[in-house]
Every structure is written in structure tokens, then in C-alpha cells.
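# Structure assessment
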Amino acid sequence: MTGHDDFDRTLAGWFEADALSPAPADGLDRILDATRRRRPRPAWLAGPGSDWVGVTPGAGSSSGARSLARLGARWSTALILLLVIAAIVGGAILVGAVLLRPSPPPTGRLGHLAYGLDGDIYLADWDGRNPTRIAHAPPDGPADCYGFGGEGPMWSPDGRHLAYRSGGAFCPGATVLISDPAGHIVASFPGTGWLISWSPDSTRVATWVDLDKTIGIYGLDGVRQALLTAPAGCRLPGDFDAVWSPDGTSLVVWPCEVPLDGRTPRSLPANDPRSNGHWAYSPDETRVAYIAGGRLFVAAADGSQERVLVPTGVSGGPVWSPTGDRVGFDTGSSLSPPNELGVVDAASGTVTSLASAPGTESILFIRFSPGGDRILFSRSDANYVGTSLWSVHADGSDAQLLVTGTGWGDWQPLPAGP
């Protein structure tokens, strides 16, 4: 036997003894199970202050509890992801809805300025900025009957609607249109004349149907509610339109009163302030201002207790301030300069001059701002070609040019309240 044989026998014995080792057969499995890697949870799900992203179960935890813990983490993650996706989708829908919604009309602290220009109707901020065309004149029709127009107030007393006319007083097919501030037409009906007269409660409009003969009363739905007759000889010649009495039960077509209930129209007595060509009731309807013989008067609503506020030269107005403490008026005329705008204190009779027009130009008081601190007026040359809308402070300062090319505009009344 060689040394190699002894060595081979030694190795063979050693391998045989190792194969018969008393170590348990599952020892390796326990070791592997104890060291098996687990899926780490996201760090943002770990407890506050923890730097460890994996969680080792406690000594008494079962494999079922570990599975439920892992399942809860997965569901919480999925729930959060679903909420994020819902928020993104909801935000996209909201943004899309805002983009598809028509832009609201411009706003201003004094209400919108509505005006007609080149046959179209515009809405702007109180100072004429940011104009938006809300009604576009149709391209056809006679030159003298082209586009939209009117005289006097455009806004309803509550400031919710606008009234204007397609075609003038002598145009065939003249139509009155009622729209919201965005220009959406809510009603249209036949109507001729100059002024479109709103009822005090903003629910009806009066207009000539047959000039000088019949007057139509229409609701905001465009349905005619009444057709009134102005008797021949009752209405005086001139460009006069029907005006509502403060109680909304009759119309005055100077110098007659036409009841809405079908009673016979009558001539107004001389002691009734409405028998004059220009009159206006105060906002609380307790007083009336009127012009007679170039003088501006104020009286109780029934015509009693009259007083002279301006003794001479008054040609236009009167226009009450929203608080009823002042009355606006015009003096002179385009044929008898100077033509001026003034405001008189209804209690003291103190007059404040606001603006004047040189030469043969014409200047007309339109309305007070809702707060009473500014006045809207128009300025025109002798031929009514160079026209413009202006604003001035109630003390005569800070005159501002608002719009050129038109003398027909109206500030929006604002709802009462704080």
C-alpha cells in the first residue's frame, strides 16, 4: 500500500462521517426563512421620524397579519392615487367649463355703460374702457333705418335688461328689442317712436305701435298685454312718447293720461305736475320736479307745496339723484347759448355748474351714477355730427371723455343695498 492509498482512505472516512452528521435536515430552511428579503414599503408611508423603509414584524406576528398589513398599505396607496387622479380630472373639467363659458360683461364700480355706436350696441366699464359689442346691426335695410338706436334710458330700472330699437320712428318694420347685459335677446316686438319707456317695476315696456295713435304694452316675454288708444287732439304735436306714471297704472302722453285698465283717457289739469312737458318723481315718489316757463320747480307728489329751485333759463331735465337730495338740469339750448349743465340742492336751492358747451354746441344731462357722485352727459355740435359721452364729478371737477361718436348712452342702475 502506498502513501497515496492511506490518504485516499482518510478522505473517504472523513466524507462518510460528515454525511452522518446529527444536524437537523431543516436547519438550512430556517436560516433561509429568517434572512429572506421583504418588499420595502415607500418611505412616505413610514412612521414620522422613521428612516427605515422596511418593517420587520414583531416576534408574535403571524404570516396572515403580515399579509394583511401589506394589503392595507397597498390599498391606502391605491386610494390616494385614485383621489389624485379624480382631482386632476375634476380640475380639467372645471377649467374646460370656464373656458367654454361666455366671458361675462365688464364690470365697474358705477355700473356698466351701455351705448349705441355706428348702429351697434356696446357695453363697457363705467368710464368707457373695455368695450364689448353685444348687438351687431344687420347689414341690409335703408340707410336711414340702419342699425340700432333710441333715446332716453336704455337700462331697466332694476339694471337687469336693456331696451333698444331696430330702425327709427319713421322706418318700416321698426322693432323693439329687449336683451340681457350679455346681448342675448329675450324679447322682440313691433314698436316705433323715440323713447322706449320702462315701467317702474321693470316688467313691462310701452312703445308706439301706430305712431300718434296706439300704444302697446309688452312684457319681458314679448307678449302684448294691452293696446291703448291716444285720442286725436289729446296729444300735442311733437316728438313725444308715452311715459309711465309712478304707480304703473297709467301712461302720460303729454298732456293726457291714458289708464291701462281701459278707462277713458283725460287731459291732465293745469295743477297736475305731469301736465308739463318735463317732469320726474323723486326716488321715494314723495316729491316731483318739473319745468314750466323756463323755471325748475319742486313740489309734493300731488303738486302742492311747490317751490322754485331755478328761476330762469331751464331747458332740460329734471333728473333726480339716487338719494333724492339733488336735481340735475340743462339751461339754454343749441340756439340760445350758453348751454350748461347744473345741479341744484332740493332743500337749499344752491346751484352747482357742472359743464358748458361753447357756441352752438349742445350739452345734455343724462343721469347720475348709482352713488350720485358723478354725472353722465352728452355733447354734440350744431349738426349733431361730432357727438360724445362724458362724465363729470358732482362738484363740476374731473370731467372725462368716455366715448366719441355717439351721444346716446346710459349708466346701469345698481340694486339697492350695502
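What you see is a predicted model, and the numbers here were worked out from it, not measured in a lab. (Residues numbered from 1 in each chain as written. Predicted model: local features only at pLDDT ≥ 70, side-chain atom pairs only at ≥ 80, totals over all residues. Heavy atoms only, no water.)

Attention now moves to the pattern of salt bridges. Summed over all chains, the structure comprises 12 salt bridges. Note that R266 and E257 form a salt bridge whose closest N and O atoms lie 2.9 Å from each other. Here R266 falls in the partly exposed class, since its relative accessible area comes to 40%. (Salt bridge = Lys/Arg side-chain N within 4 Å of Asp/Glu carboxyl O. Buried < 20%, exposed > 50% of the residue type's maximum accessible area, 1.4 Å probe, protein only.)

The next point concerns the confidence of the model for the protein chain. Averaged over every residue, the pLDDT of the protein chain is 77; the share at 70 or more is 67%. Note that residues 17-73 has pLDDT below 50 and, in this model, 20 contacts with residues that lie over four places away or in other chains. Low confidence marks residues 92-108, where pLDDT is under 50. Its contacts with residues over four positions away, or in another chain, come to 12 contacts. (pLDDT = per-residue confidence, 0-100. Contact = heavy atoms within 4.5 Å.)

Counting 14 residues, the largest nonpolar core has A206, W208, I215, I217, L228 and L251 as its most contacted members. If you list the elements that add at least two residues to this core, you get strand 9 (204-210), strand 10 (214-219), strand 11 (224-229) and strand 13 (250-253). Not counting chain neighbours up to four residues away, the residues in contact with A206 comprise I196, S197, I215, G216, I217, W244 and L251. (Core = buried A, V, L, I, M, F, W, Y, C linked by side-chain atoms within 4.5 Å. Helix = DSSP H or I, 4+ residues; strand = E, 2+ residues; numbered from the N terminus.)

A word on the environment of L341. Mapped onto the secondary structure, L341 falls in strand 22 (residues 336-345). Its relative accessible area of 2% is what places L341 among the buried residues. Sequence separation of L341 and G316 is 25 residues, and the distance between their C-alpha atoms is 9.2 Å. In contact with L341, not counting residues within four places along its chain, are F329, D330, T352, S353, L354, A355, I363, L364, F365 and F377.

Let's shift gears to the sheet that holds strand 18 (residues 295-300). Sheet architecture is open: 4 strands sit in the order 16-17-18-19, paired in antiparallel fashion. Of all the strands in the sheet, the pair left with one neighbour each is strand 16 (278-281) and strand 19 (307-310). Recorded for the sheet is a direction-independent mean angle of 25 degrees between the axes of neighbouring strands. Two strands pair when backbone bridges link them, and strand 18 and strand 19 are joined in this way by 3 bridges, in the antiparallel orientation. Its bridge partner lying in strand 19, F297 is registered against V308. (Pairing = 2+ DSSP bridges. Axes fitted to C-alpha atoms, helices over the stretch in contact; angles between N-to-C directions.)

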